[in-house]
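# Chains, contacts and geometry: an overview
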Amino acid sequence: MKRMLALVLAMVMVLSLSACGGADGSSSGGAGGASGAQAGDDEKFVAYFVGVMAGGSVWGQAQAGFEAACEELGWEGYYVSPNPANDTSQMVNLVETALTNNADMIAGVFYSADIFGDVCGRAMEQGVHIVTTNCFMNEDLQDFWIGTDPVGMGVSQAKTLAEIAGDDEVTVVYLQSNATSETQNTQYATFCDYLEDYPNITVFGQEFCNSQAIEASDKVANLKKANPEINAVVCADGAGTL
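What you see is a predicted model, and the numbers here were worked out from it, not measured in a lab.

## Topic: the nonpolar core
Counting residues in hydrophobic clusters, the biggest one holds 42 residues, and the most contacted among them are V50, W59, M105, I106, F110 and F116. By residue number, the principal contributor to this core is helix α3 (residues 88-100), which donates 6 residues.

## Quick notes on the packing of aromatic side chains
Evaluation of the coordinates by the stated rule reveals 10 aromatic pairs. Aromatic pair F49 and F66: ring centres 5.6 Å apart, planes at 75°, arrangement edge-to-face. Note that F49 is positioned in strand β1 (residues 46-50) and F66 in helix α2 (residues 59-73), a separation of 17 residues in sequence. A residue is classified by how much of its surface remains accessible, and F49, at 0% relative accessible area, is buried. Relative to Y198, the ring of Y194 lies with its centre 5.9 Å away and its plane at 15°, an arrangement referred to as stacked. The partly exposed category is assigned to Y194, whose relative accessible area is 24%. With relative accessibility at 28%, the residue Y198 sits in the partly exposed group. Aromatic rings pair up to connect F49, W59, F66 and Y79 into one cluster.

## Quick word on the packing of helix α5 (residues 150-165) against helix α6 (residues 182-195)
Two elements in contact, α5 and α6, have axes whose closest approach is 7 Å; the angle formed by their N-to-C orientations is 40°. Taken as axis vectors, α5 and α6 run oblique relative to one another. Relative to α6, the crossing made by α5 is right-handed. Side by side, α5 and α6 meet where P150, V151, M153, G154, V155, Q157, A158, K159, L161 and A162 of the first sit next to T183, T186, Q187, T190, F191, Y194 and L195 of the second. A class-by-class count of the residues in the contact of α5 with α6 yields 10 nonpolar, 6 polar and 1 charged.

## Re the packing of α3 against helix α4 (residues 113-125)
Two numbers describe how α3 lies on α4: the axes approach to 10 Å, and their chain directions differ by 5°. The orientation of α3 with respect to α4, classified from their angle, is roughly parallel. Of the residues in α4, those touching α3 at T88, M91, V92, V95, E96 and L99 are I115, F116, V119, R122 and A123. Partitioning the contact of α3 with α4 into residue classes produces 8 nonpolar, 1 polar and 2 charged.

## Overview of the side chain of Q187
As for its position among the elements, Q187 is in helix α6. Setting aside residues no more than four positions away along its own chain, Q187 makes contact with P150, M153, G154, Q157, Y174 and A236.

## Looking at the sheet that holds strand β3 (residues 105-108)
The 5 strands are arranged β2-β1-β3-β4-β5 in an open sheet whose pairing can be described as parallel. The open sheet has two edge strands with one neighbour each: β2 (76-80) and β5 (144-146). Pairwise comparison of adjacent strand axes, ignoring direction, gives a mean angle of 20° for this sheet. The pairing of strand β4 (residues 129-133) with β5 spans 3 bridges and is classified as parallel.

About the criteria used
Residues numbered from 1 in each chain as written. Predicted model: local features only at pLDDT ≥ 70, side-chain atom pairs only at ≥ 80, totals over all residues. Heavy atoms only, no water. Core = buried A, V, L, I, M, F, W, Y, C linked by side-chain atoms within 4.5 Å. Buried < 20%, exposed > 50% of the residue type's maximum accessible area, 1.4 Å probe, protein only. Helix = DSSP H or I, 4+ residues; strand = E, 2+ residues; numbered from the N terminus. Phe/Tyr/Trp six-rings, centres within 6.5 Å; stacked < 30°, edge-to-face > 60°. Axes fitted to C-alpha atoms, helices over the stretch in contact; angles between N-to-C directions. Parallel < 35°, antiparallel > 145°, perpendicular 65-115°, else oblique. Left-handed = near helix turned anticlockwise from the far one by under 90°. Contact = heavy atoms within 4.5 Å. Nonpolar A, V, L, I, M, F, W, Y, C, P; charged D, E, K, R; others polar. Pairing = 2+ DSSP bridges.

Just distances and angles here, no functional claims.
Below is the structure:
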């Protein structure tokens, strides 16, 4: 129970710095140089954070927060990520690697039970703590989740847009990381449902930037040029916002 409380506190520290999006991705190594393990333990607690990318305005902060928490707790911590960014198959392989390397805890954006369920289920069976960030698989595949509720995020995005728009005519593009992000797809579906009661707001559709700021900029510029009625963009991706 003491260890799980420490785990929760560590993840709160990480997610207080984290949202979504970023820049280029590549694997990066760990933290945790503090001396001494958990009280009564002979070995350090080994923690992995499987991010969607390395660096960037958001995930760089998530990595820094995770590593600082591991150092404070005296854990051996590793932040790892795919290259290219958002590569789901590589993320699964990174979870497998963490499991092979005797991780005590693996955290990450495990947004799909179909994709991550097998490896996370096997980890749970071996006593490894599984933590999902900004998403929820099911109770059999994770100890807990922490972060932003996708449904609540979609409602908040739509509500804010409606307040800003007032009675003006608005055509909005929803810019997200990629088409396979189930978390962002849930946000988008909720966003659209909320705006059905606002006839002055038209949702143009989803567009994707693969967490690349330049790609996002080019995409929005080209969309605006071809569709001059577009006068709003809602970003579910941090690089898209930049």
